[in-house]
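# Chains, contacts and geometry: an overview
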Amino acid sequence: MSTTIYHNPACGTSRNTLAMICNAGIEPQVIEYLSAPPTRAELQDMICRAGLSVRQAIREKGTPYAELGLDNLDLTDDQLLDAMLAHPVLINRPFVVTELGVRLCRPSELVLEILPSPQQGAFSKEDGEVVIDSAGQRVSQ
């Protein structure tokens, strides 16, 4: 059973997601996608399995999204994928892949839907928000 996270260590959401994976006792394969982006086939597969459109998987904030004219709704999925592969910062993060599914973990708690192991103890996000209580149970929002 493997778990893979397409991770950006500079992103708080990505760090929180990785920490929840580890809190379940899982040692994931961590792929820093900015330096080791997925292949076109891998990216298409993750987007499809996560139930997203290609456009939903694009990150706008802090990227060359506007400069590249990616807000043009006439662009095809292939054109958007080309841009994402040429500029990996356009790939929204973090994507997590487990045997239970694929999620774009925004918010980070979405990872809980696909982890094969339960949380092993309390977990709070970097901002102090409590997500998991001391019994390893999800705290209701």
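Higher on the page you've got the structure.
Reference entry: report on the structure contained in this document. (Residues numbered from 1 in each chain as written. Predicted model: local features only at pLDDT ≥ 70, side-chain atom pairs only at ≥ 80, totals over all residues. Heavy atoms only, no water.)

## Focus on the pattern of salt bridges
Applicable threshold: Each reported salt bridge corresponds to a side-chain nitrogen of Lys or Arg within 4 Å of a carboxyl oxygen of Asp or Glu. Runs of E in the DSSP output that reach at least two residues are strands. Runs of H or I that reach at least four are helices, and both are numbered from the N terminus. Categorising residues by exposure relies on relative accessible area from a 1.4 Å probe, with only protein chains included: less than 20% of the type maximum marks a residue as buried, more than 50% marks it as exposed, and the intermediate range marks it as partly exposed.
Scanning all chains against the criterion turns up 7 salt bridges. Put simply, glutamate 126 and arginine 15 hold a salt bridge, and the shortest N to O gap is 2.6 Å. You can see glutamate 126 sitting in the loop between β5 (123-124) and β6 (130-132) and its partner arginine 15 sitting in helix α1 (residues 12-23), a full 111 residues away along the chain. Judged by its relative accessible area of 32%, arginine 15 falls in the partly exposed class. A salt bridge links arginine 49 to aspartate 45, with the shortest nitrogen-to-oxygen separation between them at 3.5 Å. Remark: aspartate 45 and arginine 49 occur in helix α2 (residues 40-49); sequence separation between them is 4 residues, near one turn of the helix. The class for aspartate 45 is partly exposed, based on a relative accessible area of 37%.

## A short note on the pairing of strand β3 (residues 95-98)
The following threshold applies: Should DSSP find at least two bridges between two strands, the strands are regarded as paired.
Side chains Phe95 and Val97 project from β3 onto one buried face, and the interleaved Val96 and Thr98 project onto a second face that is buried too. Where strand β1 (residues 4-7) meets β3, 3 bridges bridge the pair, whose relative direction is antiparallel. Following the sheet pairing, tyrosine 6 is matched in β3 by phenylalanine 95. Both β3 and strand β4 (residues 101-104) contribute to a ladder of 4 bridges, which runs antiparallel.

## Observations concerning α2
Along an α-helix, residues three or four apart share an orientation, since each turn contains 3.6 residues. For the record, the criterion: Directions pointing from the helix axis toward each C-beta atom define the arc. We call two residues in contact when some of their heavy atoms are within 4.5 Å.
Those residues of α2 lying buried are Leu43, Met46 and Ile47. The arc enclosing the buried residues of α2, seen along the axis, measures out at 95°, which places them on a common side. Exposed and facing more than 90 degrees away from the buried side of α2 are Ala41 and Cys48. In this fold, the buried residues of α2 make contact with β1, α3 (77-86), β3 and β4.

## Considering the side chain of threonine 17
Structurally, threonine 17 is set in helix α1. Classification of threonine 17 as buried rests on a relative accessible area of 0%. If we ignore the near neighbours within four places in the chain, the residues touching threonine 17 are Ile5, Pro94, Val96, Cys105, Ser108 and Val111.

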